[in-house]
Amino acid sequence: MKYNVSEIESKWQKKWDDAGVFCAKDGDPRKKFYALVEFPYPSGAGMHVGHIKAYSGLEVISRKRRMQGYNVLFPIGFDAYGLPTENYAIKTGIHPRQVTDKNIEKFSSQLRRVGFSFDWNRVIDTTQEDYYKWTQYIFLKLFENGLAFRDTALVNYCPTCKVVLSNEDSQGGKCDICHSDVIQKSKDVWYLRITEYADKLLQGLDTVDYLPNVTQQQVNWIGKSTGAFVNFTVAGTEETLRIYTTRCDTLFGVTFMVIAPEHPLIDQMADRINNMDAVLAYRAECAKKTEFERTQLVKDKTGVCLDGLRAVNPVNGKEIPIFIADYVMMGYGTGAIMAVPAHDERDWAFAKKFGVDIVEVIKGGNIEEGAYAGDGEMVNSDFLNGYTNKKDSIARMLEYLKEKGIGEMGVQYKMKDWAFNRQRYWGEPIPIVHCPKCGMVPVPYEQLPLRLPNVTEFAPGEGGESPLAKIEEFVNCECPKCGGKARRETDTMPQWAGSSWYFLRYIDPNNDSCIADPEKLKYWLPVDWYNGGMEHVTRHMIYSRFWHHFLYDIGEVPTAEPYAKRTAQGLILGPDGEKMSKSKGNVVDPNEVVDVYGADVLRTYILFMGDYGSAAPWSENGVKGCKRFLERFADAYDLISGKPMSAKLESAIHKTVKKVSEDLEEMKFNTAIAAMMGLLNDIYAEGNITKDAYNMLVRLLCPIAPHLCEELWETMGGKGFCALAPWPEYDEAKTIDAEIELPVQINGKVRGKITVAADAAKEDILAAAKANAGVAAAIEGKTLIKEILVPGKLISLVVK
RNA sequence: GCCGGUGUGUCGGAAUGGCAGACGAGGUGGACUCAAAAUCCUCUGAUGGCAACAUCGUGUGGGUUCAAGUCCCACCACCGGCACCA
């Protein structure tokens, strides 16, 4: 049967839409299934084949679930605040609102053309007032609970985009948006205290089913380390110098201390430091370096000794020198370390360069040649001497520190608090008022949303202030608390704010009185399966888990974790095997593929091109192969006859239903499609298929090529939509062949093949094997040592 | 440096310890055609052989096993994450 591909595709898209086939029903008694894909940023460039791949995985699973009788929520929306739209506005003068609306319209029509089974009644747009009202609401809750605060600190700043960036947004020392080098700048900024949730985010990972590398990346990013805080004193003063260490058992090997160039001790003790000029010069030198440079210059250690200051080692009372050096960071631990050159590479290199003593406290290495970081017997360590196990010696030292009141166990995280404001226009206004009398005052809840005012100038100010700062009517306001004159916060939230809770809004997108109805949240949460890109694992995924844990703690949501399961798709590379980019000219436009081949072919190819989780290059010929497959599949309709099929083909059909059903669950779409292709070859070889069997196959292929399957379903007289027809069931008994072919190995090499009944007795099989001509020749005149029969697999004979 | 992953034809890629290379692409030869495209059929890991067949073959070197792409040990290469993190 021949079909005009594009004709049937728009026809079925309209019918699905009209009938509301993909609308989720709140509170339905059927089992629920919430499938979530990362909603797109509606860029001007339009859809990318990567979007199609990202959505196709759960698209297939969602369609399968509907056929299995689930009440499926598979929503889509737009994460529309962000810099690209704003930069476009600065360049063209067109308002971001207009640009956003246009892009959303474009994306929507492109997504519909692919036939995704999204519930279009629940579309959200993070830039709409009725959405960002609740983003602001959550911010106020965070503020109320002390998790949103302002602080002056060194921040990552992108001089090109003129914005402060979070740690997550400046990975590798590069701005996430424009890729220029990020510099460190002291600025008064908003933070969200995500570090408060570090442990919950870590522990929560044990309760969810994430891809192992997703979990691993989050664990790395959170970077928990367990150690001890130890208080050293500055000789001749009451001043303590607190350090963090993971090896407090090496305290007797401490021969000097190092503090970060920014450490406050320097200013506190300025009058005691004799070489303050050199110290300040060094500090200025360090300030010039970007954090990236500072963390890259690993080889050569630099630093300055604080002349006039000495520290006292609390375990042995020895006086030791204090240095400042940029290999110690103010942002980790306490900004100060105890240096154990014998057992730490960096300390060793520093000690060698500055001629400081090296004292061995763990036997096993040669401390003249390098630091020894391995295990060994403790020496020169008073009460720790003789310990050989790191765990025991640390435990003993912790006990001692506690007893003497000079230190205690402590935990550190690499993750830092989330720098949460942007000096930009196109974002959610931060609902805070600065009152000269009352300080920072939250905008009352009933005044939300705090609307983003209309402006005509989108560029940030030269001083790095938001364009909102120029809007007098916006800035000048009354203090909600005292009624006096006050000024509004003019910074906006970062692009990650709206996406940190969007999956909650899908559940109840039009609710005007709360984030979402608690009953509905209870019904739909958690998200059963979330698929997205690996690039979001240490940003969006961490942020949204943090918000969700917080919302759980204040009773707004019924689960601690938002996502029960997380998978990730691999990239689609250009035909040249390189990452797609405009500059390389290797970008494939999904619209053109739909124009030429149709949506079903595009979907099938994207799922067939390789392992779903791995990167794979685009191949136009591969697309054609999938086109052939779908055409041949449709043509096979003409092979339907009243004649029964061979037992072999019938068995192959049941095996395929089984394999496809299983493979789809594991996102092994490529092998599922391959199995159907193989079966189709078998059907053509036989030249015959029954109507019932073909009907089963139409349903089996439906999640992948839904338009074609609806058309075939209709042609066959199927009731309703194929998309809601029952998922095909296989008969386990029919997946078992009556006769099987077994290879016979002699000393590990295949020498013959025999065909036996599947239920044949062991003796009969072995007899048949030995009777095989090839086998008989190979064992002629030799002694049989061993016979192995692996049922259903092979026969292995060992001869001498 | 630490942690994780991967390594298989010409290419994308398949293989609960059990016939390596499923499926697709590409190539080969043929059919149809004036011709091309499309479609259909044949062959397609390497080497030797007219052939049946034999030998070799999953990054390298060892090992376990009747049997190893798969398990173990050592190494090499590439990819990803973290990183002067104390």
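We now turn to the structure provided with this report. (Residues numbered from 1 in each chain as written. Chains lettered and ligands numbered in written order. Predicted model: local features only at pLDDT ≥ 70, side-chain atom pairs only at ≥ 80, totals over all residues. Heavy atoms only, no water.)

A few words now on the overall build of chain A. The number of helices and strands found in chain A is 25 helices and 28 strands. Dimensions along the principal axes, computed over C-alpha positions, put chain A at roughly 100 × 85 × 50 Å. Of all 800 residues assigned to chain A, the portion counted as buried reaches 54%. When contacts within chain A are restricted to residue pairs at least 6 apart in sequence, those whose partners lie at least 24 apart make up 72%. Here chain A displays about 34500 Å² of accessible surface, and carbon together with sulfur accounts for 50% of that area. Across chain A, the centroid of the 95 positively charged side chains sits 2 Å from that of the 108 negatively charged ones. (Helix = DSSP H or I, 4+ residues; strand = E, 2+ residues; numbered from the N terminus. Buried < 20%, exposed > 50% of the residue type's maximum accessible area, 1.4 Å probe, protein only. Contact = heavy atoms within 4.5 Å. Areas by Shrake-Rupley, 256 points an atom, 1.4 Å probe, with all protein chains shown as cover. Lys, Arg positive; Asp, Glu negative; His and termini not counted. Charge placed at Lys NZ, Arg CZ, Asp CG, Glu CD.)

The next point concerns helix α4 (residues 96–113). Residues three or four positions apart in an α-helix share a direction because the helix packs 3.6 residues into each turn. For α4, which comprises 18 residues, the first-to-last C-alpha distance of 26 Å matches the rise-based estimate of 26 Å (1.5 Å per residue) to within 8%. Along α4, the residues that are buried comprise Pro96, Val99, Thr100, Asn103, Ile104, Phe107, Ser108, Gln110 and Leu111. End-on, the buried residues of α4 take up no more than an arc of 165°, which puts them together on one face. Facing away from the buried side of α4, by more than 90 degrees, are the exposed residues Gln98, Lys102 and Glu105. Close packing links the buried residues of α4 with α2 (49–67), β3 (77–78), α3 (83–92), β4 (124–125) and α17 (590–597). Phi turns positive one or two residues past the end of α4, at Gly115, with a value near 80°. (Expected span 1.5 Å × (residues − 1). Arc of directions from axis to C-beta.)

The next point concerns the side chain of Arg422. You can see Arg422 is positioned in the loop between β16 (418–419) and β17 (432–435). For Arg422, the side chain forms a polar contact with the main-chain oxygen of Ala419, separated by 3.5 Å. Ignoring any residue separated from it by four or fewer positions in sequence, one finds Arg422 in contact with Val163, Val164, Leu165, Ser166, Asp169, Asp491, Thr492, Met493 and Pro494. (Polar contact = N/O pair within 3.5 Å; in protein donor to acceptor, adjacent residues only side chain to side chain.)

On to the environment of Lys624, then. The topology assignment puts Lys624 in helix α19 (residues 620–635). The exposure class assigned to Lys624 is partly exposed, which follows from its relative accessible area of 35%.

Thr246, Lys301, Met609, Arg628 and Lys753 are the nearest of the 51 residues found near RNA strand B. Lys786 has a polar side-chain atom sitting 3.0 Å from a phosphate oxygen of RNA strand B. Top element by residues in the surface near RNA strand B is helix α21 (residues 669–686). It accounts for five residues. For the surface near RNA strand B, the residue count by class is 21 nonpolar, 15 polar and 15 charged. (Near = heavy atom within 4 Å. Nonpolar A, V, L, I, M, F, W, Y, C, P; charged D, E, K, R; others polar.)

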